[in-house]
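Secondary and tertiary structure notes
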Amino acid sequence: DEKLLHQKDEAIDYQSLVSKESDHRLLNEMQMVASRLSMQSRTSGNAETTEQLIVAANRVSMIARIHRRLHSFDGMQTVGFRQFLEEYCREFSEMLSLEEGLKRIVVADGVEIELPAATVVPLAFIVSELLTNAVKYGEGQISVRLESGPEKGYLLSVSNKGPALPHGFDPASGKGLGMKIINSFVKQIGGELRFGPADGNQGTQFTVLFS
């Protein structure tokens, strides 16, 4: 009856309010953690510890940014992925400039496709980690490109200029946390990770094949 329907609507509204409040608290707590890690990095007397704290602070900060961006897609079945990449890369560039004082341009290009939200989430974290690696090890402009695959599916690549990958490099056996995160999410979407020289054999390019 109408009373039960009204109670159901109130319960749904309450759950939505609780969910939004929980997300808001989570984002605030993540920003606090990032700030504390950053403060500790400035007071640490050990260079290696300082670097690790900075990396941890940046990773937490980027997770919070991704979470905030993805939360805007709540209720949507699909997401325009190129637009997401363009906006995210712009935010990433601004973050580097404001938080780290680095003037690195990150540009996104390619085809526009509608992807399921469940696929966009792992791809977002993959891009974040690849960008972090490109900043750490590469030089100059960083390019993110989304294009159709030669047979089927799509190719998502992140490339930059700078030193080539060391001989014998194997991302599947990488010991760093970043590569472990990338490999985990690539596996989650049933994709394939490839790597090699960037265009012109200058720098490095990582490419994720997915469908």
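For the structure itself, look to the data block above.
Here's what I pulled together on the structure shown here. What you see is a predicted model; the values in this text were computed from it and never measured.

**Here we look at the overall build of the chain**
A count of helical and extended segments in the chain gives five helices and seven strands. Listing each helix as α and each strand as β along the chain from the N terminus yields α-α-β-α-β-β-α-β-β-α-β-β. Here the chain holds 211 residues, and 40% of them are scored as buried. Within the chain, residue pairs in contact and separated by at least 24 positions form 64% of the contacts whose partners lie at least 6 positions apart. Total accessible area on the chain is roughly 12,900 Å²; 53% of this is exposed by carbon and sulfur atoms.

**Thoughts on the sheet that holds strand 7 (residues 204–210)**
Taken together, five strands build an open sheet; the order of strands is 2-4-5-7-6 and the sheet is mixed. The open sheet has two edge strands with one neighbour each: strand 2 (106–110) and strand 6 (192–197). Here the average twist between neighbouring strands, direction ignored, is 15°. The pairing of strand 2 with strand 4 (residues 139–148) spans five bridges and is classified as parallel. Pairing of Ala 108 across the sheet is with Val 144, part of strand 4. Of the strands in this sheet, strand 6 and strand 7 touch helix 5 (residues 177–188), which is tilted by about 130° from strand 6.

About the thresholds
- Residues numbered from 1 in each chain as written.
- Predicted model: local features only at pLDDT ≥ 70, side-chain atom pairs only at ≥ 80, totals over all residues.
- Heavy atoms only, no water.
- Helix = DSSP H or I, 4+ residues; strand = E, 2+ residues; numbered from the N terminus.
- Buried < 20%, exposed > 50% of the residue type's maximum accessible area, 1.4 Å probe, protein only.
- Contact = heavy atoms within 4.5 Å.
- Areas by Shrake-Rupley, 256 points an atom, 1.4 Å probe, with all protein chains shown as cover.
- Pairing = 2+ DSSP bridges.
- Axes fitted to C-alpha atoms, helices over the stretch in contact; angles between N-to-C directions.

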